Amino acid sequence: MIASVRGEVLEIALDHAVIEAAGVGYRLNATPSTLAGLTRGEETRLYTAMIVREDSMTLYGFADTEARDLFGLLQTVSGVGPRLAMAVLAVLEPEALRKALAESNVAALTRVPGIGKRGAERMVVELRDKVNLVPVPSGPPGSTPAAATPVREQVTEALVGLGFAAKQAEQAIDAVLAEQPGVDTSAALRAALGLLGKNR
């Protein structure tokens with residue numbers, strides 16, 4: 001089981017990064033906010049979850065252990081696989097996910113492409129009590145990684161990757177940037193998803 005990968009960032013793509021560790025390049029699927037904290041050519045460490053299937057072995061990378069543990073917890077819900085768990089973490093940061101589950105906020109969960117009302121209700125019932133068992137990492141304040149590429153471009157790519165049309169994605173991020181010009185990537189992504197969720 002590979003629990004973490006530390007090394008040079010060789011490549012950053014829409015939904016994954018390649019990190020070279022001890023001469024081996026590992027492809028790690030990751031959320032837009034995790035990818036936003038990486039810089040090509042610099043060293044990083046991502047915590048990982050390894051999913052082994054009959055026909056594939058896939059690594060998922062996370063900026064901290066909390067996100068990784070929530071990724072595992074989400075998959076304990078029937079009908080939620082790795083892809084959907086990643087979509088949840090792309091739309092809802094760990095703190096927002098904890099809040100949505102604690103407050104039985106079905107509307108927040110249905111903003112995730114692929115989760116309907118019944119699926120969201122099932123998640124709330126099954127995870128409401130378990131989510132508090134996932135420890136919150138303690139780090140220095142303001143240690144959130146900064147975006148490596150322009151916010152508009154990155155958020156548009158992330159939204160398209162989550163299944164929204166390019167035009168929809170561009171309109172949403174433009175509206176967010178008009179209201180909050182200095183917003184960072186992860187906050188812009190959440191705001192754009194909020195707009196798109198209302199318009200669905």
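Please refer to the structure higher up on the page.
Below, the structure is looked at part by part. (Residues numbered from 1 in each chain as written. Predicted model: local features only at pLDDT ≥ 70, side-chain atom pairs only at ≥ 80, totals over all residues. Heavy atoms only, no water.)

### Quick notes on the packing of aromatic side chains
Then comes step 1: Applying the stated criterion across every chain yields a total of 2 aromatic pairs.
Then comes step 2: Centroid distance Y60 to F71: 5.0 Å. Interplanar angle 40°. Geometry classified as tilted. Pair noted here: Y60 is in strand β5 (residues 56-62) and F71 is in helix α2 (residues 65-74), with a separation of 11 residues, a long-range link. Neither Y60 nor F71 differs from the other in exposure class; each is buried.
Then comes step 3: Residues F62 and F71 carry aromatic rings whose centres are separated by 5.0 Å and whose planes lie at 45° to one another, so their mutual orientation is tilted.
Then comes step 4: Since its relative accessible area comes to 2%, F62 is described here as buried.
Then comes step 5: Cluster of aromatic residues (ring-pair linked, three or more members): Y60, F62 and F71. (Phe/Tyr/Trp six-rings, centres within 6.5 Å; stacked < 30°, edge-to-face > 60°. Helix = DSSP H or I, 4+ residues; strand = E, 2+ residues; numbered from the N terminus. Buried < 20%, exposed > 50% of the residue type's maximum accessible area, 1.4 Å probe, protein only.)

### Notes on the nonpolar core
Then comes step 1: Among the nonpolar cores identified, the biggest contains 50 residues, and F71, L74, L97, L109 and L159 are the most heavily contacted of them.
Then comes step 2: The leading source of residues in this core is helix α3 (residues 82-91), at 8 residues.
Then comes step 3: Those residues within four positions of L159 in sequence are excluded, and the remaining contacts are F164, A169, L189, A192, L193 and L196.
Then comes step 4: Core analysis: the second largest hydrophobic core is formed by 12 residues, A21, A30, L35 and L46 among them. (Core = buried A, V, L, I, M, F, W, Y, C linked by side-chain atoms within 4.5 Å. Contact = heavy atoms within 4.5 Å.)

### A word on the side chain of T156
Then comes step 1: Here T156 shows up in helix α7 (residues 151-161).
Then comes step 2: Residue classification places T156 among the buried positions, given a relative accessible area of 10%.
Then comes step 3: Excluding its chain neighbours within four sequence positions, the residues that come into contact with T156 are A166, A169, E170 and I173.

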